[in-house]
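Chain by chain, the residues run as shown.
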Amino acid sequence: MPTTPHAPGRLRTLRLLMAGALTATLGTACAGSSSSDRVFDNHASEHCQWETGKAAVCTVTITNKRTSTVTFDWHGVSDPPGATFAPDHGSIAPGHTSDPITVTDPFICPITLIFQDDDRHLQVTYDFNDPCK
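Residues numbered from 1 in each chain as written. Predicted model: local features only at pLDDT ≥ 70, side-chain atom pairs only at ≥ 80, totals over all residues. Heavy atoms only, no water.

Participant: What exactly am I supposed to notice about the overall build of the protein chain here?
Facilitator: For the protein chain, the count of helices and strands is 0 helices and 12 strands. The N-to-C order of helical and strand elements in the protein chain reads β-β-β-β-β-β-β-β-β-β-β-β. Classification of the 133 residues of the protein chain by burial places 35% in the buried group. Put simply, 51% of the contacts in the protein chain that link residues at least 6 apart link residues at least 24 apart. As presented, the protein chain carries roughly 7,300 Å² of accessible surface, and 54% of it is formed by carbon and sulfur atoms. (Helix = DSSP H or I, 4+ residues; strand = E, 2+ residues; numbered from the N terminus. Buried < 20%, exposed > 50% of the residue type's maximum accessible area, 1.4 Å probe, protein only. Contact = heavy atoms within 4.5 Å. Areas by Shrake-Rupley, 256 points an atom, 1.4 Å probe, with all protein chains shown as cover.)

Shown next as structure tokens:
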């Protein structure tokens, strides 16, 4: 992912809408010179199942592409709160993919599933709204 110069310590955020209502939020934090730029380049995939009157269950995997320069230390939250994540946190080094993450939504619709790294101000989000339509 190409980067452009910007002020030291500033965070750039790019939201991309992908197929299946998956929204990936990519952040690039810069330390002032291109040799010390931190890059988080990722891909997430999801598969959700739901039935009327039952909780929705999504399986998510996140790939921290080898072009990344940071490890993604995430924990799971939802907006609004209520979804459960199993596991509820993890660490993904550049060039690696997470084990499947199972997220159960007790049918809050719509809901955003958020995998966030608070220390690096990075996140990957998934907007689950198909059964709400």
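Participant: Quick question: what am I supposed to make of the nonpolar core here?
Facilitator: Side chains that are nonpolar tend, in soluble globular proteins, to be buried together. Residues Ile62, Phe72, Val103, Leu113 and Phe115 are the most contacted members of the largest nonpolar core, which totals 22 residues. Of all the secondary structure elements, the ones that give two or more residues to this core are β4 (42–49), β5 (56–64), β6 (72–79), β10 (101–105), β11 (111–117) and β12 (122–128). If we skip the residues at most four places from it in the chain, Phe115 touches Val60, Ile62, Phe72, Trp74, His75, Phe85, Ile101, Val103, Leu122, Gln123 and Val124. (Core = buried A, V, L, I, M, F, W, Y, C linked by side-chain atoms within 4.5 Å.)

Participant: Explain the packing of aromatic side chains to me, please; I cannot follow it from the model alone.
Facilitator: Working definition: an aromatic ring pair is given by the centre-to-centre distance plus the angle between the planes. Overall, the coordinates contain 5 aromatic pairs when judged by the stated rule. Seen in terms of ring centroids, Phe40 and Phe72 are 4.5 Å apart; in terms of plane orientation they differ by 25°. Their pairing is stacked. Of this pair, Phe40 sits in the loop between β3 (38–39) and β4 while Phe72 sits in strand β6, and the two are 32 residues apart along the sequence. Relative accessible area serves as the criterion here: at 1%, Phe40 is assigned to the buried category. Where Trp50 meets Phe128, the ring centres are 5.5 Å apart and the plane angle is 80°; that geometry is what we call edge-to-face. With a gap of 78 residues between them, Trp50 in the loop between β4 and β5 and Phe128 in strand β12 connect regions that are remote in the sequence. With a relative accessible area of 35%, Trp50 lands in the partly exposed category. The buried category is assigned to Phe128, whose relative accessible area is 1%. (Phe/Tyr/Trp six-rings, centres within 6.5 Å; stacked < 30°, edge-to-face > 60°.)

Participant: Looking at this structure, how should I read unusual backbone geometry?
Facilitator: Negative phi values dominate among residues other than glycine, just as trans dominates among peptide bonds. Residue Asp79 is joined to Pro80 through a cis peptide bond whose omega torsion reads 0°. When you line up the elements, Pro80 lands in the loop between β6 and β7 (84–86). Geometrically, the link from Cys109 to Pro110 is a cis peptide bond, its omega value of 0° lying close to zero. In this structure, His121 is a non-glycine residue whose phi angle is positive, near 60°.

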